[in-house]
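# Examining the three-dimensional arrangement
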Amino acid sequence: MRYISTRGQAPALNFEDVLLAGLASDGGLYVPENLPRFTVEEIASWAGLPYHELAFRVMRPFVAGSIADADFKQILEDTYGVFAHQAVAPLTQLGANEWVLELFQGPTLAFKDFALQLLGRLLDHVLAKRNERVVIMGATSGDTGSAAIEGCKACDNVDIFIMHPHNRVSEVQRRQMTTILGENIHNIAIEGNFDDCQEMVKASFADQGFLKGTRLVAVNSINWARIMAQIVYYFHAALQLGAPHRSVAFSVPTGNFGDIFAGYLARNMGLPINQLIVATNRNDILHRFMSGNRYDKDTLHASLSPSMDIMVSSNFERLLFDLHGRNGLAVSALMDEFKATGKLSVADDRWTEARRLFDSLAVDDEQTCATIAQVHAQTGYLLDPHTAIGVKAARDCRRSQALPMVVLGTAHPVKFPEAVEKAGIAAVPQLPPHLADLFQREERCTVLANDLKTVQDFVSQHGNRGKPL
Ligand SMILES: *Cc1c(COP(=O)(O)O)cnc(C)c1O
């Protein structure tokens, strides 16, 4: 499989190189040159497969030519073997023809484990083959950091540096990062805010001299391998609900358009998905596009669903590429316009095309809490605030009551106690057994000044399993 840039000017890469690349050299994002398409018979034959075996069948075409079948099978078995629930991604019924796909049974209790557990193992495999070591740098306001660290903790060839804003992440989130101990794991608390952390990551990618030749790798949601891993659970859920002989709808809590883009790809690969609902919080740039063809940058609003607090949606460019007949120059022009004006809209027929599949809703904090309370009263089931946004959007926007509606359950409620409390629910969610002693575990973290050189010196002093690069 070859991968091409959404802006049409960067060289095509194979899977191995795309795994190690961040943005394409023309500023675009990598996408598969040709999407595999499965027949109804093929998809039907996968019913009942264990998660890792289904994952092998769905993802095999994407890694073909870079990773041998036997190796890939083993990697997938290891990856999904660490999930606490035997079903890996269990479905729970909430209402009539309405389900939550629980994607929070992994080590850090959020859906990002599906991609980052795999990414860490794929990186290690490829790097061992090339006899190369890399450094990962990332900024996190919560979820991504712990999932990335958990995904990389066993990697022999990776040192990972995750920056979080000092004293500005929740205690559960901090402990999920800082209690993972290992010579190759480096938690940095920056005396600044999340944007400061992110700016330092960006500046480090732009000028990598401090790394003395070691390659820097990104694990943010633009990484193709993350999207690829997320395609699988759409197949997994739909197969259990009667696909490919019956269509299924999905409602997806969205920030960077990564998770829902994976659903869009699943549909283009042959899975009968009749509707995809974009569910946002107050940071609703995607809802503004889907409802009115206006992708306009707004200010950032802090919400009770912080993992979806974004101003621009980095994976949206991948959809724009398809909406423009995969014309990289057209996308490039649009993105230039967006950069200059903070606004973007597409021709009417292209927008209408998007609306054939996508609906959307923006859900504020009040409605989020009301949904948590409503579902808890109806069923006793406790939603996290991100998933609650998905449920609200599913209930308001679904096109067919007769088809199954699956809401992606993106996080465990224990990670977001503030929203549960505000919903007026007295029962405090409990940590699952594998994290029950989280508050007793030893923490390791370095507090650094909000200063690029200080951070880069730290990385070059510790980037080789705690020793200098
Ligand atoms: C990251 C995250 C999201 C948003 O996912 P995108 O791929 O950015 O759309 C939603 N919910 C939770 C809990 C997350 O951690």
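Predicted model, so just to flag it, every value in this text is computed and none were measured.

Once that is clear, we can look at the site of the ligand. Near the ligand, the surroundings consist of 15 residues, among which Lys112, Asp143, Gly255, Asn256 and Thr410 are the closest. At 2.7 Å from an oxygen atom of the ligand is found a side-chain nitrogen or oxygen belonging to Asp143. Side-chain polar atom of Thr410 to a nitrogen atom of the ligand: 3.0 Å apart, as the coordinates give it. Its free accessible area being 390 Å², the ligand has 96% of it covered by the protein chains. In terms of residue class, the shell around the ligand is made up of five nonpolar, seven polar and three charged.

Packing of helix 3 (residues 51–63) against helix 4 (residues 69–81) brings their axes to within 9 Å, and their N-to-C directions diverge by 135°. The orientation of helix 3 with respect to helix 4, classified from their angle, is oblique. Considering only the axes of helix 3 and helix 4, their crossing is right-handed. Along its contact with helix 3, which presents Tyr51, His52, Ala55, Phe56, Met59, Arg60 and Val63, the element helix 4 presents Asp69, Phe72, Lys73, Leu76, Glu77 and Tyr80. Among the residues forming the contact of helix 3 with helix 4, the class breakdown is eight nonpolar, one polar and four charged.

Judged by pairing direction, the sheet is mixed, and its six strands sit side by side in the order 4-5-15-10-11-14 without closing on themselves. Of all the strands in the sheet, just strand 4 (91–95) and strand 14 (358–362) have a single pairing partner and so form its edges. Going from strand to strand, the sheet's axes swing by 25° on average, the running direction of each strand aside. Bridging between strand 11 (residues 273–280) and strand 14 involves five bridges; their strand directions are parallel. Bridging across to strand 14, Val278 finds its partner in Ser360. Contacts from helix 11 (residues 285–292) reach strand 11 and strand 14, with the element oriented near 130° to strand 14.

Attention shifts here to the state of the cysteines. Enumeration according to the criterion identifies zero disulfides in this entry. Free of any disulfide, Cys152 has its nearest neighbouring cysteine sulfur in Cys155, separated by 4.6 Å. Take Cys445: it sits in no disulfide, and the sulfur closest to it among the cysteines is that of Cys197, at 11 Å. A relative accessible area of 35% means that Cys445 is categorised as partly exposed.

It is worth spelling out the side chain of His386 at this point. Relative to the assigned elements, His386 resides in helix 16 (residues 385–397). His386 gets classed as buried once you look at its relative accessible area, which sits at 1%. With residues up to four places along the chain from it excluded, the contact list for His386 reads Pro253, Ser305, Pro306, Ser307, Met308, Thr410 and Phe416.

Sequence positions flagged by UniProt for "modified residue: N6-(pyridoxal phosphate)lysine" (unreviewed entry) are, in local numbering, Lys112. On the secondary structure map, Lys112 appears in helix 5 (residues 112–130). Those residues within four positions of Lys112 in sequence are excluded, and the remaining contacts are Asp143, Thr144, Ala147 and Arg226.

Right, let's get into a nonpolar patch on the surface. A cluster of nonpolar residues, Leu300, Met311 and Val312, forms a patch on the protein surface that exposes about 220 Å² of accessible area. In this fold, Leu300 is placed in the loop between strand 12 (295–296) and helix 12 (316–323).

Let's shift gears to the packing of aromatic side chains. All told, the structure shown has 24 aromatic pairs when counted by the stated rule. Pairing Phe56 with Phe72 gives two aromatic rings, centres 6.1 Å apart and planes at 50°, and the pair type is tilted. With Phe56 in helix 3 and Phe72 in helix 4, this pair connects stretches of sequence that are 16 residues apart. Per residue, the accessibility class of Phe56 equals that of Phe72, and both read buried. Pairwise contacts between aromatic rings join Phe257, Phe261, Tyr264, Phe289, Tyr295, Phe316, Phe338 and Phe358 into one cluster.

An order of 9-6-7-8-16 is seen for the five strands of this open sheet, with the pairing classed as parallel. In this open sheet, the two strands that pair with only one neighbour each are strand 9 (215–217) and strand 16 (446–448). The sheet shows a mean angle of 30° between the axes of neighbouring strands, taken without regard to direction.

Turning our attention to the environment of Phe321. Within the secondary structure, Phe321 sits in helix 12. Phe321 sits in the buried class, given a relative accessible area of 1%. Note: C-alpha distance between Phe321 and Asn34 (287 residues apart in sequence) is 13 Å. Non-local contacts of Phe321, meaning those with residues more than four positions away in its chain, are made with Ile4, Ser5, Thr6, Val31, Arg326, Asn327, Gly328 and Val331.

Let's shift gears to the pairing of strand 7 (residues 158–165). In terms of residue burial, strand 7 counts as a mostly covered element, since eight of its eight residues are buried. On strand 7, burial covers both faces: Val158, Ile160, Ile162 and His164 on one face and Asp159, Phe161, Met163 and Pro165 on the other are all buried. Here six bridges tie strand 6 (residues 134–139) to strand 7, and the two strands are oriented parallel to one another. Looking across to strand 7, one finds that Val134 is bridged to Val158. Where strand 7 and strand 8 (residues 185–190) come together, six bridges link them in parallel fashion. Among the inter-strand pairings, Pro165 is bridged to a residue of strand 8, identified as Ile190.

A word on helix 9 (residues 224–240). Within helix 9, 16 of the 17 residues are buried, which leaves it mostly tucked inside the rest of the structure. Capping the start of helix 9, Asn223 holds a side-chain oxygen 3.0 Å from the backbone nitrogen of Ala225, two or three residues further along. Just beyond helix 9, the residue with positive phi is Gly242, at close to 110°.

Quick notes on the rules
Each chain has its residues counted from 1, following the order in which its sequence is written. With the structure being a predicted model, the display of local features is reserved for residues of pLDDT at least 70 and the display and counting of side-chain atom pairs for 80 or more, all residues being used for whole-chain, interface and lining totals. Each side-chain value is derived from all of the structure's non-hydrogen atoms; neither hydrogens nor water enter the calculation. Proximity is defined per residue: any heavy atom of the residue falling within 4 Å of a molecule or strand makes that residue near it. Pairs of N or O atoms within 3.5 Å make up the polar contacts considered here, provided that, within protein, one atom can donate a hydrogen while the other can accept it, and that residues adjacent in sequence are counted only when both atoms are side-chain atoms. The Shrake-Rupley method, run with a 1.4 Å probe, gives the accessible areas here. Residue values count only the displayed protein chains as cover. Each residue receives one of three labels: charged for Asp, Glu, Lys and Arg, nonpolar for Ala, Val, Leu, Ile, Met, Phe, Trp, Tyr, Cys and Pro, and polar for the others, Gly being one of them. What counts as an axis is a line fitted to C-alpha atoms, over the stretch in contact for a helix, and the angles between N-to-C directions run from 0 to 180 degrees. Helical segments are the DSSP runs of H or I of at least four residues, strand segments are the runs of E of at least two, and each set is numbered from the N terminus. Here the angle decides the label: under 35 degrees means roughly parallel, over 145 means roughly antiparallel, 65 to 115 means roughly perpendicular, and every other value means oblique. Put simply, a crossing is left-handed when the front helix is turned counterclockwise from the back one by less than a right angle, and right-handed when it is turned clockwise. Should any heavy atoms of two residues lie within 4.5 Å, those residues are considered in contact. Pairs of strands are assigned from DSSP output, requiring at least two bridges between the strands. Working definition: a disulfide is two cysteine sulfur atoms within 2.5 Å of each other. Burial status follows relative accessibility: with a 1.4 Å probe on protein chains alone, a residue under 20% of its type maximum counts as buried, one over 50% as exposed, and anything between as partly exposed. UniProt positions are given in the numbering used here, feature names are shortened, and annotations may be inferred rather than shown by experiment. A residue counts toward a patch only above 30% relative accessible area and without a salt bridge, and it is joined to like-charged neighbours within 9 Å or, for Val, Leu, Ile, Met, Phe, Trp and Tyr, to nonpolar neighbours within 5 Å. A pairing counts as a salt bridge when a side-chain nitrogen of Lys or Arg comes within 4 Å of a carboxyl oxygen of Asp or Glu. Two rings from Phe, Tyr or Trp (for Trp, the six-membered ring) form a pair when their centres are within 6.5 Å of each other. A pair whose planes differ by under 30 degrees is stacked, one over 60 is edge-to-face, and the rest are tilted.

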